[in-house]
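# A closer look at the structure
Each chain is listed here by its residues.
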Amino acid sequence: MYEKILVPTDGSDTAENAVEHALDIAEKYDAEVHALYVVDTDSMSLTLGGEQLDRIEQGQFDEMEEVKGKADAATGYVADGAASRGLDAVEHISAGKPHDQIANYAEHNDIDLVVMGSHGRSGVKRAILGSVTERTLRSTHVPVLVVDVQEE
Ligand code: ATP
Ligand code: MN
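Fair warning: this is a prediction, and the values are worked out from it, not measured in the lab.

Following both chains from N to C, one finds helix α5 (residues 98–108) and helix α6 (residues 131–139) inclined at 40°, their axes separated by 8 Å at the closest point. For the element pair α5 / α6, the angle class is oblique. α6 is crossed by α5, and the crossing has right-handed handedness. Contact with α5, carried on its side by Pro98, His99, Ile102 and Ala103, involves Val132, Arg135, Thr136 and Ser139 of α6 and no other residues of that element. Across the contact of α5 with α6, the residue classes break down as 4 nonpolar, 3 polar and 1 charged.

Attention now moves to the sheet that holds strand β5 (residues 144–147). Strand order in the open sheet formed by 5 strands is β3-β2-β1-β4-β5, and the pairing between neighbours is parallel. If you trace the sheet from one side to the other, it starts and ends with β3 (89–96) and β5, each paired once. Pairwise comparison of adjacent strand axes, ignoring direction, gives a mean angle of 25° for this sheet. Sheet topology places strand β4 (residues 113–117) next to β5; 4 bridges connect them, and they run parallel. Residue pairing across strands places Gly117 opposite Val147, the latter belonging to β5.

A few words now on the site of ligand 1. The environment of ligand 1 is formed by 20 residues, the closest being Pro8, Val38, His119, Gly120 and Ser131. In the model, a nitrogen atom of ligand 1 is placed 2.8 Å from a nitrogen or oxygen of the Val38 main chain. Interatomic distance of 3.2 Å between a backbone N/O atom of Gly117 and an oxygen atom of ligand 1. Calculation on ligand 1 without its partners gives an accessible area of 620 Å², and the protein chains cover 90% of this total. Here ligand 1 is seated within the largest pocket. Contributions of two or more residues to the shell around ligand 1 are made by β2 (32–40), β4 and α6. Residue classes in the shell around ligand 1 are distributed as 8 nonpolar, 9 polar and 3 charged.

Thresholds applied
Residue positions are counted from 1 within each chain, in the order its sequence is given. As they are written, the chains are lettered A onward and the ligands numbered 1 onward, keeping that order. Only residues with pLDDT of at least 70 get local features here, since the model is predicted, and only at 80 or more are side-chain atom pairs given and counted; chain-wide, interface and lining totals rely on the full set of residues. As a rule here, side-chain values cover all heavy atoms of the structure and leave hydrogens and water aside. Between N-to-C directions, angles span 0 to 180 degrees; the directions come from axes that are lines fitted to C-alpha atoms, helices contributing only their stretch in contact. Segments assigned H or I by DSSP are reported as helices when at least four residues long, segments assigned E as strands when at least two residues long, and all are numbered from the N terminus. An angle below 35 degrees is read as roughly parallel, one above 145 as roughly antiparallel, one from 65 to 115 as roughly perpendicular, and any other as oblique. When the near helix sits turned anticlockwise from the far one by under a right angle, the crossing is termed left-handed; a clockwise turn instead gives a right-handed crossing. Contacts are residue-level and defined by heavy atoms, with any inter-residue pair within 4.5 Å sufficient. Under this grouping Gly is polar, as are all residues other than the nonpolar Ala, Val, Leu, Ile, Met, Phe, Trp, Tyr, Cys and Pro and the charged Asp, Glu, Lys and Arg. At least two bridges found by DSSP between two strands are what make those strands a pair. Throughout, near means a residue has at least one heavy atom within 4 Å of the molecule or strand. Pairs of N or O atoms are called polar contacts if they sit within 3.5 Å, as long as, within protein, a hydrogen donor faces a hydrogen acceptor (for residues adjacent in sequence, only side-chain-to-side-chain pairs). Residue exposure ignores everything except the shown protein chains as possible cover, and the areas themselves are Shrake-Rupley values with a 1.4 Å probe. Only protein atoms enter the 1 Å grid used here, on which a cavity is any set of points holding a 1.4 Å probe that cannot leave and a pocket is any open set flanked by protein within 12 Å on both sides along at least five of seven lines; residues with an atom within 4 Å of a point are listed as lining. Molecules are considered to sit inside a cavity or pocket once more than half of their atoms lie within 2 Å of its grid points.

Encoded structure:
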């Protein structure tokens, strides 16, 4: 049933908490774990020039150290956790609107389950769900497990 599990991550503590749930399920099903970080081009449009945004959208951000560093750290956390449990992992970085990218990835890679956090990096708990999670739920028919912020 759960052969491929997608973990969209923005590298936040809440997303990392969701990773634990994803890996536990993956271990039980011997599932392949897919980690996806989306470079949110809308949120960067205020600080980056048009040319830089175009390059990011075309996936050419390898030499943009800050962008690449955040993305690699986020997906690497998932992949390391998977590897330490002996699970196969795939890391992917894309650019665009996070919920669109997450829904597209799930559809095109035969994902059986998406596991994500209720909130993310913005850290604002004004809403029950962060906007990326809410929009992902509206954009896909793949089952989504939403893991709430862990209380301390
Ligand atoms: P908002 O962004 O609406 O201000 P938030 O940052 O608290 O609120 P979301 O962005 O919805 O909440 O984050 C919820 C979950 O969505 C995260 O825990 C993570 O699993 C996933 N997520 C958020 N942003 C990204 C992203 N850029 N790439 C991949 N996954 C993401
Ligand atoms: Mn967010």
